[in-house]
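# Structure assessment
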Amino acid sequence: SAVVVATAWLAPATDPQTLQAFYRRVRPPGMWRATAAAAGADPAEPGRALRHGALSILLVAVTTYGLLVGLGTWIARPAEWLNALSWTLVGCAAVPFWWRRL
């Protein structure tokens, strides 16, 4: 990965028209503020898309963990049904928040 970083820093800069065309076509999230502005888009859009994507990943992880622990507890220790129900509900409660971002 050091070679990739060194190449990125030492290679000549990409033509701004090429970057703008790429941005218009792909709309990548992240640190594209200057390119987005030059392409006529909202400069805050790439950062907002990155934050929304990161939040969606976190919420999917909450869903996955909650359902794994909850359903696993129900299977392995049925006597702990309240704990299992709690984890299952936490997992299910996160679904609408990441589902609408798809």
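Going by the structure above, here's the rest.
Presented here is a report on the structure given in the accompanying data block. Please read all numbers here as calculations on a predicted model, not as lab measurements.

What counts as what
- Residue indices begin from 1 for each chain and proceed along its sequence in written order.
- Local features in this predicted model are restricted to residues whose pLDDT is 70 or higher, and side-chain atom pairs enter the listing and the counts only when it is 80 or higher, whereas totals over whole chains, interfaces and linings include all residues.
- Neither water nor hydrogens contribute to the side-chain values; these are computed over all heavy atoms in the structure.
- Here the term patch refers to residues with relative accessible area over 30% and no salt bridge, with like charges joined within 9 Å and nonpolar side chains (Val, Leu, Ile, Met, Phe, Trp, Tyr) within 5 Å.
- Computed by Shrake-Rupley with a 1.4 Å probe, the accessible areas treat only the displayed protein chains as cover when residues are assessed.
- Throughout this description, the term salt bridge denotes a Lys or Arg side-chain nitrogen within 4 Å of a carboxyl oxygen of Asp or Glu.
- Going along the chain from the N terminus, every DSSP run of H or I of four or more residues is numbered as a helix, and every run of E of two or more is numbered as a strand.
- Partly exposed residues are those whose accessible area sits between 20% and 50% of the maximum for their type, while under 20% is buried and over 50% is exposed, using a 1.4 Å probe and protein chains only.
- When checking whether two residues touch, look at their non-hydrogen atoms; a contact exists if any pair is within 4.5 Å.
- Aromatic contacts are taken between Phe, Tyr and Trp rings whose centres are within 6.5 Å, Trp giving its six-membered ring; a plane angle under 30 degrees counts as stacked, one over 60 as edge-to-face, and the others as tilted.
- The convention used is that axes are lines fitted to C-alpha atoms, helices contributing only their stretch in contact, and that angles between N-to-C directions extend from 0 to 180 degrees.
- Roughly parallel covers angles under 35 degrees, roughly antiparallel covers those over 145, roughly perpendicular covers 65 to 115, and oblique covers all other angles.
- Left-handed describes a crossing whose near helix is turned anticlockwise from the far helix by less than a right angle; the clockwise case is right-handed.
- Gly counts as polar in this scheme, as do all residues outside two lists: the nonpolar Ala, Val, Leu, Ile, Met, Phe, Trp, Tyr, Cys and Pro, and the charged Asp, Glu, Lys and Arg.
- Expected helix span is computed as 1.5 Å times (number of residues minus one).
- The arc in question is the one traced by the directions running from the helix axis out to the C-beta atoms.

## So, a nonpolar patch on the surface
The grouping of L55, L58, V62 and V90 at the surface amounts to a nonpolar patch, some 300 Å² of accessible area in total. Turning to its location among the elements, V90 is positioned in helix α5 (residues 81-99). When its relative accessible area of 42% is taken as the criterion, V90 is described as partly exposed.

## Description of unusual backbone geometry
The phi angle at R27 is positive, at roughly 55°, despite the residue not being glycine. If you trace the backbone, R27 turns up in the loop between α2 (16-26) and α3 (33-38).

## Examining the side chain of T35
Relative to the helices and strands, T35 resides in helix α3. T35 gets classed as buried once you look at its relative accessible area, which sits at 14%. Once residues lying within four places of it in the same chain are set aside, the contact partners of T35 are L19, Q20 and Y23.

## With respect to the pattern of salt bridges
Tallied over the full model, the rule gives 2 salt bridges. The salt bridge partner of R27 is E45, with a shortest N-O separation of 3.7 Å. Residue R27 is located in the loop between α2 and α3, and its partner E45 is located in helix α4 (residues 45-76); the two are separated by 18 residues in the primary sequence. Of the charged contacts in the structure, one is a salt bridge between D42 and R48, with a shortest N-O distance of 2.8 Å.

## Details of the environment of R100
Tracing the sequence through the fold places R100 in the segment after α5. For R100, a relative accessible area of 61% translates into the label exposed. Residues R100 and S56 lie 44 residues apart in sequence; the distance between their C-alpha atoms is 9.5 Å.

## Some words on the packing of aromatic side chains
Going through the model one piece at a time under the given rule, you end up with 4 aromatic pairs. Ring geometry for F22 and W32: centres 5.4 Å apart, planes at 40°, overall tilted. Highlighted residues: F22 in helix α2 and W32 in the loop between α2 and α3, separated in sequence by 10 residues. Its relative accessible area of 29% is what places F22 among the partly exposed residues.

## Notes on the packing of α4 against α5
As a packed pair, α4 and α5 sit with axes 7 Å apart at the nearest point and diverge in direction by 155°. On the basis of their axis angle, the class for α4 and α5 is roughly antiparallel. As for the relative orientation of α4 and α5, their crossing is left-handed in sense. Split by residue class, the contact of α4 with α5 holds 18 nonpolar, 8 polar and no charged.

## Quick look at α5
If you check α5, its first and last C-alpha atoms are 27 Å apart, about what 19 residues at 1.5 Å a residue would give, namely 27 Å. Of the positions making up α5, those classed as buried are A84, T88, G91, A94 and W98. Along the axis of α5, the buried positions cluster into a sector of 130°, meaning they face one direction only. Contact partners of the buried residues in α5: α4.

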